[in-house]
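# Coordinates in review
Each chain, written out:
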Amino acid sequence: MVKYRLITKNDKSYIMCDEIKICSEQDILDIISACFGNKIYSLIIDGNTLSEDFYDLKTKLLGMALQKFIIYNIKVVFIIEKERTISDRFKELVLEINKGDNFRVFYSVEDAEKWLLR
């Protein structure tokens, strides 16, 4: 079972996942269930909660997660620390993700909230 917090700001709400390690497809499905159970379709995931497999694009975990979020129409922001070492392929993916309206990657919760709660 995934742990999460409900955050409300300016009469808009989102789910924050920042307390557990997200390691599998089942963890992503649990997060989606939390969104549907609370009727909230905006989500911030702290990048520190993602297992290393999510950052390794060869495992396809991140791609699977992004696909499921699109299918279930959940807007998602990943918060990734600037200091985090990530692969060039992951950086390329972030550039592509940030072009769309379903996902974004930010370095701070404040920036993430501005985009998510607009």
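In what follows, the accompanying structure is described. (Residues numbered from 1 in each chain as written. Predicted model: local features only at pLDDT ≥ 70, side-chain atom pairs only at ≥ 80, totals over all residues. Heavy atoms only, no water.)

## Here's the deal with the overall build of the chain
Keep this limit in mind: In this text, helices come from DSSP runs of H or I with a minimum length of four residues, and strands from runs of E with a minimum of two, each type numbered from the N-terminal end. C-alpha atoms define the radius of gyration in this analysis, and the globule rule sets the expected value at 2.2 Å times the number of residues to the power 0.38. Exposure is judged per residue with a 1.4 Å probe applied to protein chains only, and the accessible area is read against the type maximum: over 50% gives exposed, under 20% gives buried, and values in between give partly exposed. Only heavy atoms enter the contact rule, under which two residues are in contact if any of them lie within 4.5 Å. The protein chains shown are the only cover counted for residues, whose accessible areas, like all others here, come from Shrake-Rupley with a 1.4 Å probe. Two residue types count as positive, namely Lys and Arg, and two as negative, namely Asp and Glu; His and chain ends fall outside the count. Charge positions come from single atoms, namely NZ of Lys, CZ of Arg, CG of Asp or CD of Glu.
In terms of regular secondary structure, the chain is built from five helices and five strands. In terms of overall size, the chain behaves like a compact globule, its C-alpha atoms giving a radius of gyration of 13 Å where 118 residues would be expected to give roughly 13 Å. Across its three principal directions, the C-alpha atoms of the chain cover 40 × 30 × 25 Å. The 118 residues of the chain split such that 44% are buried. Across the chain, every contact between residues at least 6 apart in sequence was considered, and the portion connecting residues at least 24 apart equals 73%. Surface exposure of the chain reaches about 6,900 Å², of which carbon and sulfur atoms provide 49%. The chain carries 18 positive and 19 negative side-chain charges, and their two centres are separated by 4 Å.

## Focus: the pairing of strand β5 (residues 103–106)
Put simply, the rule reads: In this scheme, strands are said to pair when DSSP sees at least two bridges between them.
Because side chains alternate across β5, one face comprises the buried residues Phe103 and Val105, and the other comprises Arg104 and Phe106, equally buried. Bridge analysis of strand β4 (residues 75–79) against β5 gives four bridges, and the strand direction is parallel. The partner of Val76 across the bridge, within β5, is Phe103.

## Here we look at empty space enclosed by the protein
In this approach the atoms are scanned with a rolling probe the size of a water molecule, which exposes any empty space left behind. Definition in use: The definitions used throughout rest on a 1 Å grid laid over the protein atoms alone, on which a cavity is an enclosed set of points accommodating a 1.4 Å probe that cannot get out and a pocket is an open set flanked by protein within 12 Å on both sides along at least five of seven lines; lining residues are those having an atom within 4 Å of a point. Grid points are joined across faces, edges and corners, and a volume is the space filled by probe spheres set on the points. Any residue outside Ala, Val, Leu, Ile, Met, Phe, Trp, Tyr, Cys, Pro, Asp, Glu, Lys and Arg is labelled polar, Gly included; the first ten of those are nonpolar and the last four are charged.
Under the definition given, this model contains one cavity of 30 Å³ or more. Counted as a void, the largest cavity has a volume near 50 Å³. Leu50, Phe54, Tyr55, Leu62, Phe78, Ile80, Phe90, Val94, Ile97 and Val105 together form the lining of the largest cavity. Sorting the residues of the lining of the largest cavity by element identifies α2 (52–55) and α4 (88–97) as the ones contributing at least two each. If you tally residues by element for the lining of the largest cavity, the top one is α4, at three residues. For the lining of the largest cavity, the class distribution of residues is 10 nonpolar, no polar and no charged.

## Examining the packing of aromatic side chains
Using the following cut-off: Pairing of aromatic side chains requires ring centres within 6.5 Å, counting the rings of Phe and Tyr and the six-membered ring of Trp. Pairs whose planes differ by under 30 degrees are stacked, by over 60 edge-to-face, and all others tilted. Note on geometry: a ring has a charge over it if NZ (lysine) or CZ (arginine) is within 6 Å of the ring centre and within 35 degrees of the ring normal.
Applying the stated rule across the entire model yields four aromatic pairs. A ring pair is formed by Phe36 and Tyr72, whose centres lie 5.7 Å apart and whose planes are at 85°; its orientation type is edge-to-face. One end of the pair, Phe36, is in helix α1 (residues 25–38); the other, Tyr72, is in the loop between α3 (61–71) and β4, and 36 residues separate them in sequence. Ring geometry for Phe106 and Trp115: centres 6.5 Å apart, planes at 50°, overall tilted. For Phe106, a relative accessible area of 18% puts it in the buried group. The class for Trp115 is buried, based on a relative accessible area of 7%. Here the aromatic cluster, defined as three or more aromatic residues joined through ring pairs, consists of Phe36, Tyr41 and Tyr72. Directly above the aromatic system of Trp115 lies the positively charged group of Lys75, at a separation of 4.7 Å from the ring centroid.

## A closer look at the packing of α1 against α3
Threshold: Axis angles are defined between N-to-C directions and span 0 to 180 degrees, where every axis is a line fitted to C-alpha atoms and, for a helix, only to the segment in contact. Small angles under 35 degrees read as roughly parallel and large ones over 145 as roughly antiparallel, with 65 to 115 read as roughly perpendicular and the rest as oblique. Should the near helix be turned anticlockwise from the far one by less than a right angle, the crossing is left-handed, and should it be turned clockwise, the crossing is right-handed.
Closest axis-to-axis distance for the α1/α3 pair is 10 Å, and the angle between their directions is 20°. On the basis of the axis angle, α1 is roughly parallel to α3. Note on packing geometry: the crossing formed by α1 with α3 is right-handed. Along the contact surface, α1 presents Glu25, Ile28, Leu29, Ile31 and Ile32, while α3 presents Leu61, Met64, Ala65, Lys68 and Phe69. A class-by-class count of the residues in the contact of α1 with α3 yields eight nonpolar, no polar and two charged.

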